[in-house]
Amino acid sequence: QVQLAESGGGLVQAGGSLRLSCAASGRSFNDYVMAWFSQAPGKEREFVAGISRSAGIIDYADSVKGRFTISRLNGLNTVYLQMNSLNPEDTAVYYCAADFSSGRPRRESVHYEYWGQGTQVTVSS
């Protein structure tokens with residue numbers, strides 16, 4: 001089992017940047033594919049970015065390609081999401097998630113066994 005804790009959210013103006021962190025504890029972090037999802041009010045949770053165990057495979061939602069960067073430091077049991085050129089449509093609660101079974105990041109939330117509590121990102125226009 002693994003526990004996940006996100007941090008780094010906040011209020012930022014359009015065009016600004018934020019870096020989210022997700023610290024994992026419990027079972028070996030290297031065993032998990034990690035991902036970030038977002039959920040805006042009244043909308044379903046959706047995939048943002050995912051990274052394989054060794055960071056050899058990375059996937060992004062089309063809406064964030066070129067603006068967001070996912071990375072991980074296995075030695076620190078942490079996954080990051082660098083978010084640049086933020087716009088109001090990025091406003092959401094951002095969750096990190098861990099998948100023990102898959103060999104690559106999956107876009108469907110059903111594949112992820114563990115979730116953090118989420119961190120709010122608000123982008124003002």
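Quantities reported herein were computed from a predicted structural model and do not represent experimental measurements.

(A) Representation of the state of the cysteines. Applying the stated criterion to the full structure yields 1 disulfide. In this model, Cys22 is linked to Cys96 through a disulfide, with the two sulfur atoms separated by 2.0 Å. A torsion of 45° about the S-S bond marks the disulfide between Cys22 and Cys96 as right-handed. Remark: Cys96 occurs in strand β9 (residues 92–99) and Cys22 occurs in strand β3 (residues 18–26); sequence separation between them is 74 residues. Residue classification places Cys96 among the buried positions, given a relative accessible area of 0%.

(B) Fine view of the layout of surface pockets. In this structure, the largest pocket spans a volume of roughly 230 Å³. Every residue lining the largest pocket is counted, 18 residues in all, and those nearest its centre are Ser38, Glu46, Ser63, Glu89 and Asp90. Broken down by secondary-structure element, the contributors of at least two residues to the lining of the largest pocket are β5 (46–51) and β9. Per-element tally for the lining of the largest pocket: the top contributor is β5, with 3 residues. Each residue belonging to the lining of the largest pocket can be placed in one class, and the counts come to 8 nonpolar, 4 polar and 6 charged.

Conventions adopted
- Residues numbered from 1 in each chain as written.
- Predicted model: local features only at pLDDT ≥ 70, side-chain atom pairs only at ≥ 80, totals over all residues.
- Heavy atoms only, no water.
- Disulfide = S-S within 2.5 Å.
- Helix = DSSP H or I, 4+ residues; strand = E, 2+ residues; numbered from the N terminus.
- Buried < 20%, exposed > 50% of the residue type's maximum accessible area, 1.4 Å probe, protein only.
- 1 Å grid on protein atoms, 1.4 Å probe; cavity = no way out; pocket = protein on both sides within 12 Å on 5 of 7 lines; lining within 4 Å.
- Points joined across faces, edges and corners; volume = space filled by probe spheres on them.
- Nonpolar A, V, L, I, M, F, W, Y, C, P; charged D, E, K, R; others polar.

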